[in-house]
Structure formats: C-alpha cells, structure tokens
Amino acid sequence: MYIGRFAPSPTGHLHFGSLLAALASYLDAKSNQGLWRLRIDDLDPPRELPGAANSIIDILIAYGLEWDKEVVYQSHNHSDYHKALLQLQQIQLAYPCNCSRKQITLRTNNHLYDRHCLTNPTDIVLDNPAATVWRFNTQNNSVNWQDGIQGEQHINGEQLADFILQRKDQLWAYQLAVSVDDQQMGITHIIRGNDLLGETANQLLLISVLNYQSIEFSHIPILSNLKGQKLSKQNLASPLTAKTVSQDLFLALTFLGQNPNKQLINANKHDILHEAVLNWDRNTVPQIYSNHYLG
C-alpha cells in the first residue's frame, strides 16, 4: 500500500514553499489510493517556535490537507533512535568523533569531514561526552538512485563525508531520526524539496545497512523569491493564511505543473483538491521553477 507523509519542523509557520511540498505529497498519495501521514519533526527544541506545531496542524486543516491516522511527534521516539544507533555501533558503522568545526576547517579547507576519527575507540566518548558526536561510516560508498521528479541522481562518498548521527548536545541528527520514523510509519513514498537531495543519499545508506524497507523518493524544485533567495522561514517567507486558501491552492497547482482549470481559482478548497487528485500527474512537475514567487 502507498503511504506518503509530510514532516515539517516546528521552527516557524508554514509558507507557500511548504504548501508546495505538502500538496505534492498529498496529491501523489491520494491519487494512488494511499495514506497520507503527518509527522511533526520536533527534534531541535532550541530552534522551535512556541506554538508552531499547533499552527502547522491548524493551517493544514484550513487548506483541506487532512492526514490519515494520528499525528506522529519525533520527540516521543528518542528510545527508537537510540536502538538504531546501538545497532549501527554493533555492526561497526558508527564511531565517536571529537573534532571541532574549527579543526575540521583547518584540516580540509572545505568543511567536509575527512574521517579523521574513524579509528577512535568507542569508549573515547566516556572521557568527554559533551565534546563527542557519533558519525556514520559511509565507507566512502557512492549512492545512486532514480528520483521520481529529478531523474537519475549520483552522490559520491566524499560528498557524504561520514555524516553525524547524534550531536554533541545529545540531540539526534535528522538523517537517523527520519530513517527510523519512516520505517516505523511504513512510509513507501516521500515527496519533498530538492534541497534535501543530499539528505536522501544519507537516508538511503541507512535504509540499506539497517535492512529497512525501500522508499521511493521524489524531489520538487525549491521556490525562490524575487531576490533569488530560497523561500524559507530563515528568509522570512510570509506565513500561509486561511484568508487566501483557494487562491494559494490554485497557484500551487500551477507551480507544480498541473495546469488547473481556471474556473477553480475561487472554488471551494474541497472541490479544488478533488479535481487535483483526479488530474494529478507527477510527470508534469517541473525540475526547476521558471518563475519566482511574488507573494
């Protein structure tokens, strides 16, 4: 069975770029008679905006993007991430690293980690746990996959650079947490922004070594504003509002290459989504957007 998901971080309110990812994921799931799940990726409390998780839930409901089953919160799953880390340690694919960012930069000049601590004994973490991260041993393997929108992808082992699994502050890294959660939720298809292509390579490595079920990935292009900046919370993208639901849905379908019927621009959100599901075609989603977002 097709099971997709939308997994926003509660570090701010949803904006139009978020809507594109949520809508593409929703339509692909529903057009395949699948489930669409919602997960709140609340792994980084220092960066979270108070009330953002509830705001995300409310705005998805306002736009008619209602999910199946219960909402999943990553903050409830720390023990599962710990089990996965232990599994990686046992098969000698996780190792402790006590390098600072400054040390890595001085050694490499390009900020890519150079596997300096690969041979560290695992008990080194006991000496100074607050200065130690756990890294995944990529074994310098390259990753190849066929993306559902962006086509054939290749990322070499040097670019992956033995990514972090658990940070010095004991918080879990994105790659490990999402791999565990997607497996437990039974996710079969993921549609998200192509700024996460590198994270997908990391996730595919973890899926392989942890013997998780395979996932089909598709990445929509990233939308930019008139200044050429990625539309994001960091660049102060305007939050979605329930006052412009129909217009936003119509515009999102246009950006996603779906050529919606112009009569839908002021239609009820449920009618817009019904027609969008019936006519959804992932093959017409562009690899890059030809226009900037004017909102």
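Everything that follows concerns the structure shown earlier in this document.
Residues numbered from 1 in each chain as written. Predicted model: local features only at pLDDT ≥ 70, side-chain atom pairs only at ≥ 80, totals over all residues. Heavy atoms only, no water.

(A) Expanded view of the packing of aromatic side chains. Tallied over the entire structure, the rule returns six aromatic pairs. An angle of 65° between the planes, with centres 5.9 Å apart, marks the rings of Phe16 and Phe255 as edge-to-face. Of this pair, Phe16 sits in helix α1 (residues 16-31) while Phe255 sits in helix α8 (residues 245-255), placing them 239 residues apart in sequence. Accessibility expressed as a relative area gives 1% for Phe16, which makes it buried. Phe255 gets classed as buried once you look at its relative accessible area, which sits at 12%. Seen from their ring centres, Tyr26 and Trp36 are 5.2 Å apart, and the 90° between their planes marks the pair as edge-to-face. Highlighted residues: Tyr26 in helix α1 and Trp36 in strand β2 (residues 35-40), separated in sequence by 10 residues. Note on accessibility: Tyr26 and Trp36 belong to one class, buried. Among the aromatic residues, those joined into a cluster by ring pairs are Phe6, Tyr26 and Trp36. (Phe/Tyr/Trp six-rings, centres within 6.5 Å; stacked < 30°, edge-to-face > 60°. Helix = DSSP H or I, 4+ residues; strand = E, 2+ residues; numbered from the N terminus. Buried < 20%, exposed > 50% of the residue type's maximum accessible area, 1.4 Å probe, protein only.)

(B) How the structure looks around the pattern of salt bridges. One pass over the full model with this rule turns up 13 salt bridges. Here Arg39 makes a salt bridge to Asp41, at a shortest N to O gap of 2.7 Å. The class of Asp41 is buried, set by a relative accessible area of 6%. Here Asp44 makes a salt bridge to Arg167, at a shortest N to O gap of 3.3 Å. With Asp44 in the loop between β2 and α2 (52-62) and Arg167 in the loop between β8 (164-166) and α6 (174-185), this pair connects stretches of sequence that are 123 residues apart. For Arg167, a relative accessible area of 27% puts it in the partly exposed group. Salt bridges sharing common partners tie together Arg5, Arg39, Asp41, Asp181 and Asp182. (Salt bridge = Lys/Arg side-chain N within 4 Å of Asp/Glu carboxyl O.)

(C) Quick peek at the environment of Ile155. Following the sequence through the fold, Ile155 ends up in strand β7 (residues 151-155). Here Ile155 falls in the buried class, since its relative accessible area comes to 15%. In this structure, the C-alpha to C-alpha distance between Ile155 and Leu249, residues 94 residues apart in sequence, is 34 Å. Every residue in contact with Ile155, bar those within four places of it in the chain, is listed here: Ser142, Val143, Trp145, Leu160, Leu197, Gly198 and Ala201. (Contact = heavy atoms within 4.5 Å.)

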